[in-house]
Amino acid sequence: MLITFKSKAATEITMYKEHARRILDLLHKDVDRGIITPAELPLAIVKIEAAIADSKAHPVSEEVRRDVNAHHSEKGDDHEHEIPEPVSFAARVFPVLEMLHAANKMQKEVVWGV
């Protein structure tokens, strides 16, 4: 399922619900439907920036590496698929963070699921 973040301050952002969940859990928001008010934006930005810093401080675990390489031969090439490159939390959340900054600057809300 997809989630679309909307704000009058920025272009819409659509992402998978499972990826949006991590962001919205940080903000204690429901993943299906919600709003971040202008008053909530500064704290939301701080929380997300802290989570980005934390994610950059902890490298990808061996367990994640093993999962990424689980369907490839020992040579790393199964001739059917490219080895997937994991998308970092920082990269995934960047568009949402930019939207929050723009919304904060213009004092507009951010909504999803409506």
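What you see is a predicted model, and the numbers here were worked out from it, not measured in a lab. (Residues numbered from 1 in each chain as written. Predicted model: local features only at pLDDT ≥ 70, side-chain atom pairs only at ≥ 80, totals over all residues. Heavy atoms only, no water.)

Student: So, the overall build of the protein chain: which residues are in play, and what are the values?
Tutor: Helix and strand counts for the protein chain come out as four helices and four strands. Secondary structure elements in the protein chain, listed N-terminal to C-terminal, are β-β-α-β-α-α-α-β. Counting across all 114 residues of the protein chain, residues that qualify as buried make up 29%. Intrachain contacts of the protein chain at a sequence separation of at least 6 include 65% that bridge at least 24 residues. Surface accessibility of the protein chain: about 7900 Å² in total, with carbon and sulfur atoms responsible for 53%. (Helix = DSSP H or I, 4+ residues; strand = E, 2+ residues; numbered from the N terminus. Buried < 20%, exposed > 50% of the residue type's maximum accessible area, 1.4 Å probe, protein only. Contact = heavy atoms within 4.5 Å. Areas by Shrake-Rupley, 256 points an atom, 1.4 Å probe, with all protein chains shown as cover.)

Student: Describe unusual backbone geometry, and please don't skip the residues or the numbers.
Tutor: Backbone geometry at His28 places phi at a positive 55°, although glycine is not the residue there. Among the structural elements, His28 can be located in the loop between helix H1 (17-26) and strand E3 (34-36). With relative accessibility at 68%, the residue His28 sits in the exposed group. At Gln107, a residue that is not glycine, the phi angle is positive and equals roughly 55°.

Student: Can you explain the packing of aromatic side chains? Please cite residues and give values.
Tutor: To describe a pair of aromatic rings, one takes the distance between the centres and the angle between the planes. Counted according to the given criterion, the structure contains one aromatic pair. Geometrically, the ring pair formed by Phe5 and Trp112 is tilted, given 5.7 Å between the ring centres and 50° between the ring planes. Here the residue Phe5 occupies a position in strand E1 (residues 2-7), and Trp112 occupies one in strand E4 (residues 110-112), the gap between them amounting to 107 residues. Take Phe5: its relative accessible area is 2%, and that puts it in the buried class. (Phe/Tyr/Trp six-rings, centres within 6.5 Å; stacked < 30°, edge-to-face > 60°.)

Student: Before we move on, could you go through the sheet that holds strand E2 (residues 10-16) and cite the residues and values that matter?
Tutor: The four strands are arranged E2-E1-E4-E3 in an open sheet whose pairing can be described as antiparallel. Only two strands of the sheet have a single partner each, and these edge strands are E2 and E3. Neighbour-to-neighbour, the strand axes of this sheet turn through a mean angle of 20°, independent of strand direction. Across five bridges, the pairing between E1 and E2 is antiparallel. Bridge pairing links Ile3 to Met15 in E2. Those strands touched by helix H4 (residues 89-106) are E1, E2, E3 and E4, and its axis lies near 150° from that of E2. (Pairing = 2+ DSSP bridges. Axes fitted to C-alpha atoms, helices over the stretch in contact; angles between N-to-C directions.)

Student: If you had to explain the side chain of Ser7 to someone new, which residues and values would you point to?
Tutor: Mapped onto the elements of the fold, Ser7 is located in strand E1. The exposure class assigned to Ser7 is buried, which follows from its relative accessible area of 13%. Here Glu109 takes part through its backbone oxygen, which lies 3.0 Å from a polar atom of the side chain of Ser7. With residues up to four places along the chain from it excluded, the contact list for Ser7 reads Met99, Ala103, Lys108, Glu109 and Val110. (Polar contact = N/O pair within 3.5 Å; in protein donor to acceptor, adjacent residues only side chain to side chain.)

Geometric values such as these leave the question of function open.
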